[in-house]
Amino acid sequence: MVYRELLSVGEETVISPTWRIDLGGCSLRCLFCSEWAQVVQPHAAPALRFSADWFLPHLYQRNKQGARTISFVGGDPTVSLVAVLEVLAQVPDDAWLPVVWHCNGWLSDEARALLAPVVETWAVDVKFGNPQCAQRLAGVDGLKNDREVTRTLEFARSRGLLLRHLALPGHLACCTRPVVAKLRRDYPEIPLNLRSHYLPLGPARTASLARVPELKRLLSDVEMAELVSLGADATASKRQLEAK
Ligand code: SF4
């Protein structure tokens, strides 16, 4: 199911402008999710069935408007894998644009293999700095999540990889710092997009957030300053590597 599409200039410069297609459903249930309604009820309005009849006319239109890539976003697009592969198989060669897969990294080996021939760039959002936060914030087996995300990063590294991390209030020490340190150590050549735009939407408005009260607020000024500093350090170390 597709619930939104737009020509986006707000993604990384190497993929923008991109035709962004937001698909319903997700493999995780993060309490900080801003797309919660579409994650838990992918068939609810305004969602439409994702099909070639919907996709091809939009593709021609967005192509004419300057789209350089197609971005499958979510939710997480992996739960729509079969529909996406069926639709992409019907795209004429002269209308094809490079495909970017925006995901949380929780994929099976089979899904990675099926996507390999069609996905040019993997934009992977590395969310948690430790298994406990993965369990508490997303109700997911933290160790398994860590293993699967690492497997996706290793798989995508030689193909085309963009790294992302959304900083959460109260989670700079336990999540953001370790994630940035790990990504800079293990993937120093890959661009890292540190995101500061967290808003307490979705489950943040419900009682479920009583379990995670820190997610009810924005990043504080102190947290924002630390994030800027972490981003500057990460950029400086990448530039040093490129200069060698
Ligand atoms: S992985 Fe992303 S889309 Fe899925 S529930 Fe978590 S924040 Fe929402």
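Residues numbered from 1 in each chain as written. Predicted model: local features only at pLDDT ≥ 70, side-chain atom pairs only at ≥ 80, totals over all residues.

Q: Describe the packing of helix H5 (residues 131-138) against helix H6 (residues 142-157), and please don't skip the residues or the numbers.
A: Two numbers describe a pair of packed helices, the interaxial angle and the distance between the axes. Contact pair H5 / H6: the axes reach a minimum separation of 7 Å and the direction vectors enclose 105°. Between H5 and H6, the interaxial angle falls into the category roughly perpendicular. Side by side, H5 and H6 meet where Pro131, Gln132, Ala134 and Gln135 of the first sit next to Gly142, Leu143, Asn145 and Asp146 of the second. Here the residues of the contact of H5 with H6 are counted per class, giving three nonpolar, four polar and one charged. (Axes fitted to C-alpha atoms, helices over the stretch in contact; angles between N-to-C directions. Helix = DSSP H or I, 4+ residues; strand = E, 2+ residues; numbered from the N terminus. Parallel < 35°, antiparallel > 145°, perpendicular 65-115°, else oblique. Contact = placed C-beta atoms within 7 Å. Nonpolar A, V, L, I, M, F, W, Y, C, P; charged D, E, K, R; others polar.)

Q: If you had to explain unusual backbone geometry to someone new, which residues and values would you point to?
A: Ser16 connects to Pro17 through a cis peptide bond whose omega is -10°. Residue placement: Pro17 occurs in the loop between strand S1 (2-8) and strand S2 (18-23). Residue Pro46 follows Ala45 across a cis peptide bond; omega there is 10°. Structurally, the position occupied by Pro46 is in the loop between helix H1 (36-40) and helix H2 (52-64).

Q: Can you explain H2? Please cite residues and give values.
A: Taking 1.5 Å per residue, 13 residues should reach 18 Å; H2 reaches 18 Å between its end C-alpha atoms and fits that length. Turning to H2, its buried residues are Phe55, Leu59 and Arg62. Looking down the long axis of H2, one finds its buried residues gathered within 80° of arc, a one-sided arrangement. Seen from the open side of H2, the exposed residues pointing more than 90 degrees away from its buried face are Asp53, Pro57, Tyr60 and Lys64. The inward-facing, buried residues of H2 abut S1, S2 and helix H3 (81-88). (Expected span 1.5 Å × (residues − 1). Buried ≥ 20, exposed ≤ 12 C-beta atoms within 10 Å, placed from the backbone. Arc of directions from axis to C-beta.)

Q: Tell me about the site of the ligand, residues and numbers included.
A: As a matter of local geometry, the ligand sits amid Cys26, Leu28, Arg29, Cys30, Cys33, Glu35, Val39, Gly74, Gly75, Asp76 and Asn104. Within the shell around the ligand, the residues separate by chemical class into five nonpolar, three polar and three charged. (Near = placed C-beta within 6 Å.)

Q: Please give an account of the pairing of strand S5 (residues 119-125) that cites residues and values.
A: With five of seven residues buried, S5 is to be regarded as a mostly interior element. Of the strand pairs in this sheet, strand S4 (residues 99-103) and S5 are connected by five bridges, and their pairing is parallel. When the bridges of S5 are listed, Cys103 appears paired with Val124. This β-α-β element, S4 to helix H4 (residues 109-115) to S5, shows right-handed connectivity. (Pairing = 2+ DSSP bridges. Right-handed = clockwise from strand over helix to strand, strands pointing away.)

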